Amino acid sequence: MTAPAIHLTGLSKNFGTVHAVVDVDLRIDRGEVVALLGPNGAGKSTTIDLALGLSHPTTGTARLFDGDPRAAIVDGRVGAMLQGGALLPDLTVAQTVALVASAHRAPLPVEEALERAGIRDLAGRRVSKLSGGQLQRARFAVAVVSDPQLLILDEPTAAMDVESRRDFWLSMRQFTEEGRTVVFATHYLDEADSFADRIVIMGAGRIVADGTPSEVKSVVSGRTIRFEVDRDDADAAAAAIPRLPGIRSLDRRSDRFSLRTDDSDRTLRALLTAVPTARDIEISAHTMDDAFLALTSTTPPSSAEPLLVKAV
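Now for a look at the structure at hand.

The rules behind the values
Residues numbered from 1 in each chain as written. Predicted model: local features only at pLDDT ≥ 70, side-chain atom pairs only at ≥ 80, totals over all residues. Heavy atoms only, no water. Salt bridge = Lys/Arg side-chain N within 4 Å of Asp/Glu carboxyl O. Helix = DSSP H or I, 4+ residues; strand = E, 2+ residues; numbered from the N terminus. Buried < 20%, exposed > 50% of the residue type's maximum accessible area, 1.4 Å probe, protein only. Pairing = 2+ DSSP bridges. Axes fitted to C-alpha atoms, helices over the stretch in contact; angles between N-to-C directions. Contact = heavy atoms within 4.5 Å. Parallel < 35°, antiparallel > 145°, perpendicular 65-115°, else oblique. Nonpolar A, V, L, I, M, F, W, Y, C, P; charged D, E, K, R; others polar. Core = buried A, V, L, I, M, F, W, Y, C linked by side-chain atoms within 4.5 Å.

**Some words on the pattern of salt bridges**
Under the counting rule described, the total for this entry stands at 21 salt bridges. Two residues, Asp167 and Arg166, come together in a salt bridge whose shortest N-O distance is 3.3 Å. Between Asp210 and Arg198 there is a salt bridge whose closest N-O contact spans 2.8 Å. Of this pair, Asp210 sits in strand E9 (residues 206–211) while Arg198 sits in strand E8 (residues 198–203), and the two are 12 residues apart along the sequence. Its relative accessible area of 8% is what places Asp210 among the buried residues. Given the relative accessible area of 1%, Arg198 is considered buried. Each of the salt bridges in this network shares a partner with another, and the network as a whole consists of Glu112, Arg116, Asp147, Glu178 and Arg180.

**Re the sheet that holds strand E1 (residues 6–15)**
Think of a sheet as strands paired side by side through backbone hydrogen bonds, with each pair either parallel or antiparallel. Read from one edge of the open sheet, three strands run E2-E1-E4, paired in antiparallel fashion. What marks the edges here is a single partner per strand, and that holds for strand E2 (18–28) and strand E4 (59–64). Sheet twist, expressed as the average angle between the axes of neighbouring strands with direction ignored, equals 20°. Of the pairings in the sheet, the one linking E1 to E2 comprises seven bridges and is antiparallel in character. Across the sheet, the residue bridging to Lys13 is Val21, located in E2. Against the sheet, helix H1 (residues 44–51) engages E1, E2 and E4, with an angle of about 120° to E1.

**Some details on the packing of helix H5 (residues 132–144) against helix H6 (residues 162–177)**
Running from N to C, H5 and H6 point in directions that differ by 10°, and their axes come no closer than 12 Å. Relative to H6, the element H5 is oriented roughly parallel. For the pair formed by H5 and H6, the contact residues are Arg137, Phe140 and Val144 on the first element and Ser164, Asp167, Phe168, Ser171, Met172 and Phe175 on the second. Taken together, the residues of the contact of H5 with H6 sort by class into five nonpolar, two polar and two charged.

**A few points about the nonpolar core**
Membership of the largest hydrophobic core comes to 45 residues, with the highest contact counts inside it found for Phe140, Leu151, Leu153, Met172, Phe184, Ile199 and Ile201. The greatest single-element share of this core, amounting to six residues, is contributed by H5. Non-local contacts of Phe140, meaning those with residues more than four positions away in its chain, are made with Met81, Arg116, Ala117, Leu151, Leu153, Phe168, Ser171 and Met172. Judged by nonpolar contacts, the second largest core, of 27 residues, contains Val21, Ala42, Leu50 and Ala185.

**Some points on the pairing of strand E11 (residues 247–253)**
In this sheet, strand E12 (residues 256–261) lies alongside E11 in antiparallel orientation, the contact comprising six bridges. Paired with Arg253 across the two strands is Arg256, which belongs to E12. Remark: two residues form the turn of the hairpin made by E11 and E12, two consecutive strands paired antiparallel; Ser254 in that turn has positive phi of roughly 60°.

Okay, structure coming up:
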């Protein structure tokens, strides 16, 4: 059997009395695109540091390609784009990428790494003159120049505007279509939903969910129905709505209503009968934001298993 790209077993990390990572078991196979989500302080960055061998675990083990993480990095099999990854300010972008390329046995041509990062036009610019988004792209070029099989990205699109974020993920698709493994931590839940084929959510240092985007979103059942009524009918509608079938919650803002329901078909049919002036009706499934909040709003007990587990 082919060894997984990442294999974490019983991994824990304590900083004094602070338990940053608690008994994490995680296997990521080759070719997977995995998003690592969690609120601030959930343990995402510490887990990444442990996986890369940048920090030593209190207990447990971290393996990359069934070997020591540092050996995999030295072999050029792993590229990383970390939040604290500083670049030398007086070098140009091309010089920076070339410097990192010189440390590897079989790197990509510098021009190709710049092309993949979408910054060929910035090759001659000094690092100190880059904007926040441009600096992130330069870090990405540094991460891919070794031509790695595993790419680990910690908040890769931080400081990027909407257009830059879109272009970044378009360029990433070429990388993943070649069958390489990508693990990225992000606060942009839409990125995880649209780009990852697997999502791992952490809370209080533990894995609280692990599954496909659809599986994670299914934790929050039902749908949301939004609509408006004539202002004169708003009070009568507010009185009638709680009696509708399937209703879980109701939010009213003047003459605008938002319902959460376990059975949107039954609720809608009853709504049109009970509130005939309802208009501008919208029905939507719950989002990754809804699932994220539901899964991370409480701290799991010490013996808790992930709510969703991907079979491996």
